[in-house]
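As a plain string of letters, each chain reads:
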Amino acid sequence: MTGTSVQRYQTFSAGEVKATVILNEGMSLDAFDTDSVGELQVQTLTGQAWVMPDAFILDKPTMTDEGGKCPVTWNAGTYQEILK
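Residues numbered from 1 in each chain as written. Predicted model: local features only at pLDDT ≥ 70, side-chain atom pairs only at ≥ 80, totals over all residues. Heavy atoms only, no water.

Of regular secondary structure, the protein chain possesses zero helices and five strands. Listing each helix as α and each strand as β along the protein chain from the N terminus yields β-β-β-β-β. For the protein chain, buried positions account for 21% of its 84 residues. Counting only contacts in the protein chain whose residues sit at least 6 apart along the sequence, the fraction spanning at least 24 positions is 58%. Looking at the protein chain as shown, the accessible area adds up to about 6,900 Å², and 50% of this sits on carbon and sulfur atoms. (Helix = DSSP H or I, 4+ residues; strand = E, 2+ residues; numbered from the N terminus. Buried < 20%, exposed > 50% of the residue type's maximum accessible area, 1.4 Å probe, protein only. Contact = heavy atoms within 4.5 Å. Areas by Shrake-Rupley, 256 points an atom, 1.4 Å probe, with all protein chains shown as cover.)

If you look at the biggest cluster of nonpolar residues, it comprises 11 residues: V17, L23, F32, L40, M52, A55, I57, C70, V72, W74 and A76. Those elements that place two or more of their residues in this core are β3 (49-57) and β4 (69-76). Counting residues per element, this core draws most heavily on β4, which supplies four residues. Not counting the four nearest positions on each side in its chain, I57 is found in contact with F32, D33, T34, V72, T73 and W74. (Core = buried A, V, L, I, M, F, W, Y, C linked by side-chain atoms within 4.5 Å.)

Bridging between strand β1 (residues 15-22) and β4 involves eight bridges; their strand directions are antiparallel. What sits directly across from A19, in β4, is V72. (Pairing = 2+ DSSP bridges.)

Right, let's get into the pairing of strand β2 (residues 38-43). Relative to β3, β2 is paired through five bridges, and the arrangement is antiparallel. Within the sheet, the bridge partner assigned to G38 lies in β3 and is A55. Once β2 ends, the chain turns through five residues before running back antiparallel as β3, passing G47 with a positive phi of about 105 degrees.

This part covers the side chain of N75. For N75, the location among the structural elements is in strand β4. Residues within four places of N75 in sequence aside, it is in contact with G15, E16, D54, A55, F56 and L58.

All right, on to the confidence of the model for the protein chain then. In this model, the protein chain carries a mean pLDDT of 81, and residues with pLDDT of at least 70 account for 85%. Mean pLDDT per element in the protein chain: β1 is the minimum at 87, and β2 is the maximum at 92. (pLDDT = per-residue confidence, 0-100.)

Structure, rendered in structure tokens:
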């Protein structure tokens, strides 16, 4: 038929990962760039793992007074669980 279109709707669930990284000697806070998008791989101590191909950081992390610890939050539009 002329003048009609078909649209597909899927459920969307954004991903978020919060971690505290420790800056060792030779590392820089500039490595956590808020302008870049890239792959983030996360693995838990229990063995579950996820890949986020479009992860990004909204706010540049700041260093705490606890020996170089930096809380970082990554956000991602999509994620996929890796099954072994």
